[in-house]
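Residues per chain, in single letters:
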Amino acid sequence: MSDTASTRATRHTPDRSPVTAPDLLSSLVPLLAEWVPRQRWFAGKGRLLTGFTLVAATELLPCAGEGNAPGLLQLLVRAQQSAPPSRTPAGGDCYQLLLGTHPAPPPHLAPAVLGRPAGGPLRGRTVYDALLDNRLCGLLLERLRVPGRIGALRFCREPDVDIPSGLTARPIAVEQSNSSIVYGDTFILKVFRRIEPGVNPDLELPRALAGARCARVPAPAAWFESAHPEPDGEATTLGVLQPFLAGSTDGWQLALNALAVRADFTRSARALGHATAEVHTALAQALPTTELRRPQLDAIAAQMNERLEATARAVPVLQPYRVRLRTAFDALVAMGHDGRSWAAQRIHGDLHLGQTLRSVEGGRWALIDFEGEPARPLAERRRPQPAVRDVAAMLRSFDYAACSGPAGGDPWALDWARRTRAAYCLGYAEAGGPDPRSAPELMRAYETDKAVYEVLYEARHRPDWLSVPMAAIRRLAACGAPGAG
Ligand SMILES: Nc1ncnc2c1ncn2[C@@H]1O[C@H](COP(=O)(O)OP(=O)(O)O)[C@@H](O)[C@H]1O
Ligand SMILES: O=P(O)(O)O[C@H]1O[C@H](CO)[C@@H](O[C@H]2O[C@H](CO)[C@@H](O)[C@H](O)[C@H]2O)[C@H](O)[C@H]1O
């Protein structure tokens with residue numbers, strides 16, 4: 001990341017000496033081993049957790065000692081696991097933890113408690129999830145209000161943004177890939193959980209869009225990061241604060257509401273298509289683009305095949321469909337061999353209805369959460385890709401709503417999905433995006449790849465939902481059956 005005006009204008013806070021690292025980790029390991037695997041954001045579900053290594057520790061408030069004040073500790077730890085998949089960084093995935101410490105936390109924090117270390121520097125204190133403690137969340141906001149450094153952490157703010165003090169903090173109820181805190185219905189802070197070195201696209205893309213004056217995405221107001229050890233190295237994003245769009249409802253809820261009363265959703269879907277195309281156009285203007293030709297299309301197809309094979313090994317119900325699903329990826333290879341090419345640009349990367357918000361007043365759509373698919377390596381998520389990948393992902397989401405929602409995949413719901421998907425593509429093309437229907441091979445390949453991703457995601461996180469992507473797998477495999485048009 002460049003040394004922007006916002007990061008230069010820092011108030012330097014003296015480094016605090018963290019509680020000594022080796023003692024700290026060994027005393028926390030039994031607590032973490034029990035707590036970390038239960039968290040929704042833990043990406044290593046289904047594999048044995050064998051230990052942790054400490055990457056960094058920063059005391060944001062003194063954590064040890066006799067006092068009766070809460071401590072706040074920011075940790076980066078690597079989770080060592082058996083049989084890591086090939087994408088796992090050497091030494092295991094790295095997670096960010098924000099832990100509170102207190103000799104006797106108040107009873108309302110009981111659900112947040114990890115336990116009491118038997119020894120080490122935190123002995124005599126209870127350790128708990130700081131992001132469930134409004135007071136400690138308030139402290140994080142204070143740090144973001146006044147940019148500066150604490151140890152290896154750097155707190156940054158856009159210079160023209162006013163962040164009031166004293167906003168009441170509340171964690172958002174839904175546990176997702178990361179942890180988010182809302183401040184007084186004005187801002188929302190997302191604390192990233194699985195950390196990879198470098199700028200997170202959920203900061204990079206919304207900042208670029210704000211620079212391009214695209215109002216479809218809330219513009220980051222502040223963020224915190226860990227500085228790279230080299231002066232010119234890219235910092236690692238750890239959390240982003242952005243305006244909270246109060247009075248808006250997410251697209252997933254709106255789609256379920258429509259399905260519950262058997263209402264049409266095509267007008268909303270068409271408007272969402274417009275919003276998506278506007279964001280894509282702005283991203284293509286603000287950030288580098290490229291053209292994908294034969295070698296790149298071959299590589300994409302190979303990667304999709306790899307994901308299919310790996311998922312079929314992990315989730316055996318996918319096995320019988322492998323050969324027919326593969327034909328969707330072979331079509332990409334054939335495109336390249338025929339001398340065809342396709343434009344690529346930065347995209348959302350994990351677009352679904354839950355990543356869209358519609359304002360109650362005015363019915364205007366916004367897109368959020370530009371992190372990309374959490375399971376993919378950061379470098380891959382930051383690569384330019386065909387914009388139709390986002391479109392295909394959103395089509396999957398309409399399908400999900402129809403299959404899992406109140407109508408439960410009955411014939412009317414399936415027709416609802418078909419009409420809604422068509423309206424979204426129409427809206428997208430009307431607002432200047434390349435007409436998704438002009439790229440059937442790409443759309444089928446990306447829709448298939450997404451459904452495969454979802455099979456693994458559901459098998460790991462929500463086994464009861466596995467039937468939803470499996471219904472799509474059967475439909476997509478039928479397109480690859482001998483004789484299918
Ligand atoms: N700017 C915002 N305004 C209002 N609600 C938001 C905003 N950003 C996120 N949310 C809410 O927080 C939830 C989690 O945010 P998201 O970015 O999807 O996190 P995660 O990466 O953990 O999935 C969203 O589903 C949405 O309900
Ligand atoms: O946590 P994220 O929002 O970044 O995304 C992950 O979780 C999503 C589920 O919450 C998952 O989306 C899948 O389920 C949705 C319905 O709950 C559906 O609308 C999406 O189309 C479907 O992919 C997403 O894939 C995953 O990355």
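By the naming in an unreviewed UniProt entry, the protein is Maltokinase, taken from Streptomyces noursei. Regarding the protein, the UniProt comment filed under Pathway (unreviewed entry) reads as follows: "Glycan biosynthesis; glycogen biosynthesis." Regarding the protein, the relevant UniProt record gives this comment under Sequence similarities (unreviewed entry): "Belongs to the aminoglycoside phosphotransferase family."

Trainee: How should I be thinking about the overall build of the protein in this particular structure?
Mentor: A count of helices and strands for the protein gives 13 helices and 19 strands. What you see for the protein is a C-alpha radius of gyration of 23 Å, in line with the 23 Å of a compact globule of 485 residues. Put simply, the protein has 485 residues, and 52% of those count as buried. Residue pairs in contact within the protein that sit at least 24 positions apart in sequence constitute 71% of those at least 6 positions apart.

Trainee: How do you make sense of the layout of surface pockets when you look at a structure like this?
Mentor: Picture a little ball the size of a water molecule; that probe, rolled over the atoms, points out where space is still empty. Approximately 1,200 Å³ is the volume attributed to the second largest pocket. Residue lining of the second largest pocket: 43 residues in total, with R307, A375, R376, P377 and E380 positioned closest to the centre. Elements with a contribution of two residues or more to the lining of the second largest pocket: β16 (290-292), α7 (294-314), α9 (378-381) and α12 (440-461). It is α7 that contributes the most residues to the lining of the second largest pocket, 11 residues altogether. Residues of the lining of the second largest pocket, tallied by class, amount to 19 nonpolar, 9 polar and 15 charged. Taken together, domain 1 (3-130) and domain 2 (249-479) each give at least three residues to the lining of the second largest pocket, which thus spans both.

Trainee: Help me understand the environment of A375, please; the structure alone is not making it clear to me.
Mentor: Structurally, A375 can be placed in the loop between β19 (365-367) and α9. Residues A375 and R194, spaced 181 residues apart in sequence, show a C-alpha to C-alpha distance of 9.5 Å.

Trainee: Looking at this model, I keep getting lost on the domain arrangement of the protein. Mind explaining?
Mentor: Reports of interface size often rely on the accessible area that becomes lost once the parts have come together. Entries for the protein in the domain assignment read domain 1 (3-130) and domain 2 (249-479). One C-alpha centre belongs to domain 1, the other to domain 2, and the line joining them spans 35 Å. Tallying the contact residues gives 5 residues for domain 1 and 5 residues for domain 2. Here domain 1 and domain 2 share an interface that buries about 460 Å² over both sides, 43% of which is from carbon and sulfur atoms. The tally of links between domain 1 and domain 2 comes to 0 salt bridges. The tally of links from domain 1 across to domain 2 stands at 1 residue pair in polar contact (both at pLDDT 80 or more). Residues belonging to the side of domain 1 that touches domain 2 are distributed by class as follows: 2 nonpolar, no polar and 3 charged.

Trainee: I'm lost on the site of ligand 2 in this one. Help?
Mentor: Lining the immediate environment of ligand 2, one finds 16 residues, of which S177, S397, Y453, E454 and Y457 sit closest. Within the side chain of Q355, a nitrogen or oxygen atom sits 3.4 Å from an oxygen atom of ligand 2. Here an oxygen atom of ligand 2 and a side-chain polar atom of Y453 are 2.6 Å apart. Computed on the free molecule, ligand 2 has an accessible area of 540 Å², of which 94% lies beneath the protein chains in the complex. Of all the elements in the fold, those that place two or more residues in the shell around ligand 2 are α10 (388-404) and α12. Broken down by element, the residue count for the shell around ligand 2 peaks at 3 residues, all from α12. In the shell around ligand 2, the residues fall into 6 nonpolar, 5 polar and 5 charged.

Trainee: Is there a simple way to explain the pattern of salt bridges in this structure?
Mentor: Pairs can form between side chains of opposite charge once their charged atoms are near each other. Under the defined criterion, the tally for this structure stands at 36 salt bridges. Notably, a salt bridge pairs D129 with R193, separated by 4.0 Å at the nearest N-O pair. Of the two residues, D129 sits in strand β6 (residues 126-129) while R193 sits in the loop between β11 (187-191) and β12 (194-195), which places them 64 residues apart along the sequence. Pair check on accessibility: D129 and R193 agree, each one buried. A salt bridge links E441 to R340; its shortest N-O distance comes to 3.0 Å. Taken together, the residues E441 in helix α12 and R340 in the loop between α8 (322-337) and β17 (342-344) connect sequence positions 101 residues apart. One connected set of salt bridges, linked through shared partners, spans R307, D350, E373, R376, E380, R389, D449 and K450.

Trainee: Explanation requested: the packing of aromatic side chains in the structure shown.
Mentor: The geometry of two aromatic rings is summed up by the distance between their centres and the angle between their planes. Applying the stated criterion to the full structure yields 9 aromatic pairs. With a centroid separation of 6.2 Å and an interplanar angle of 35°, the aromatic rings of W252 and W465 are classed as tilted. Taken together, the residues span a long stretch of sequence, with W252 in helix α5 (residues 251-260) and W465 in the loop between α12 and α13 (467-479) at a distance of 213 residues. We classify W465 as partly exposed; its relative accessible area is 26%. Within the aromatic cluster, the residues linked to one another by ring pairs are W35, W41, F42 and Y95. The ring of W465 has R462 sitting right over it, with the charged end atom 3.8 Å from the ring centre.

Trainee: What exactly am I supposed to notice about the confidence of the model for the protein here?
Mentor: Parts of the model with low pLDDT should not have their predicted coordinates read in detail. In the predicted model, the protein carries a mean pLDDT of 91, and the fraction of residues at 70 or more is 94%. Between residues 1-17, whose pLDDT stays under 50, and residues either more than four places distant or in other chains, the model counts 36 contacts. Across the interfaces of the predicted complex, the ipTM metric reaches 0.97, alongside a pTM of 0.91.

Cut-offs used in this document
- Throughout, residues of each chain are indexed from 1 in the direction in which the sequence is written.
- Here the convention is simple: chains get letters from A, ligands get numbers from 1, in the order in which they are written.
- Totals for whole chains, interfaces and linings use every residue, but because this is a predicted model, local features are given only for residues with pLDDT of at least 70 and side-chain atom pairs only at 80 or more, for both listing and counting.
- Only hydrogens and water are set aside when side-chain values are computed; all heavy atoms of the structure are taken into account.
- UniProt positions are given in the numbering used here, feature names are shortened, and annotations may be inferred rather than shown by experiment.
- Put simply, DSSP H or I for four residues or longer makes a helix, DSSP E for two residues or longer makes a strand, and each gets a number counted from the N terminus.
- We compute the radius of gyration from the C-alpha atoms alone; for a globule the expected value is 2.2 Å times N to the 0.38, where N is the number of residues.
- Each residue is assigned to one of three classes by its accessible area relative to the maximum for its type, calculated with a 1.4 Å probe on protein chains only: buried under 20%, partly exposed between the two thresholds, exposed over 50%.
- Here, residues are in contact when the closest pair of their heavy atoms is within 4.5 Å.
- Two kinds of site are reported from a 1 Å grid over the protein atoms alone, namely cavities, where a 1.4 Å probe fits but cannot get out, and pockets, open sets with protein on both sides within 12 Å along at least five of seven lines, and residues are called lining when an atom falls within 4 Å of a point.
- Grid points are joined across faces, edges and corners, and a volume is the space filled by probe spheres set on the points.
- The residue classification treats Ala, Val, Leu, Ile, Met, Phe, Trp, Tyr, Cys and Pro as nonpolar and Asp, Glu, Lys and Arg as charged. All others, Gly included, are polar.
- For the domains described, the bounds stem from an automatic or database domain assignment.
- Here's the idea: put two parts together, see how much 1.4 Å probe accessible area each one loses, and the total over both is what we call buried area.
- Counted as salt bridges are all cases of a side-chain nitrogen of Lys or Arg within 4 Å of a carboxyl oxygen of Asp or Glu.
- Under the rule applied, a polar contact is a pair of N or O atoms within 3.5 Å (in protein, one hydrogen donor and one hydrogen acceptor; residues adjacent in sequence only if both atoms are side-chain atoms).
- The rule for a residue being near a molecule or strand is that one of its heavy atoms must lie within 4 Å of it.
- All accessible areas in this document rest on Shrake-Rupley with a 1.4 Å probe, and a residue is counted as covered only by the protein chains that are shown.
- Aromatic rings from Phe, Tyr and Trp, with only the six-membered ring used for Trp, were paired whenever their centres fell within 6.5 Å, and each pair was classed as stacked if the ring planes differed by under 30 degrees, edge-to-face if by over 60, and tilted otherwise.
- As a reminder, the over-ring test applies to NZ of lysine and CZ of arginine, requiring each to be within 6 Å of the ring centre and within 35 degrees of the ring normal.
- What pLDDT reports is the predictor's confidence in each residue, on a scale of 0 through 100.

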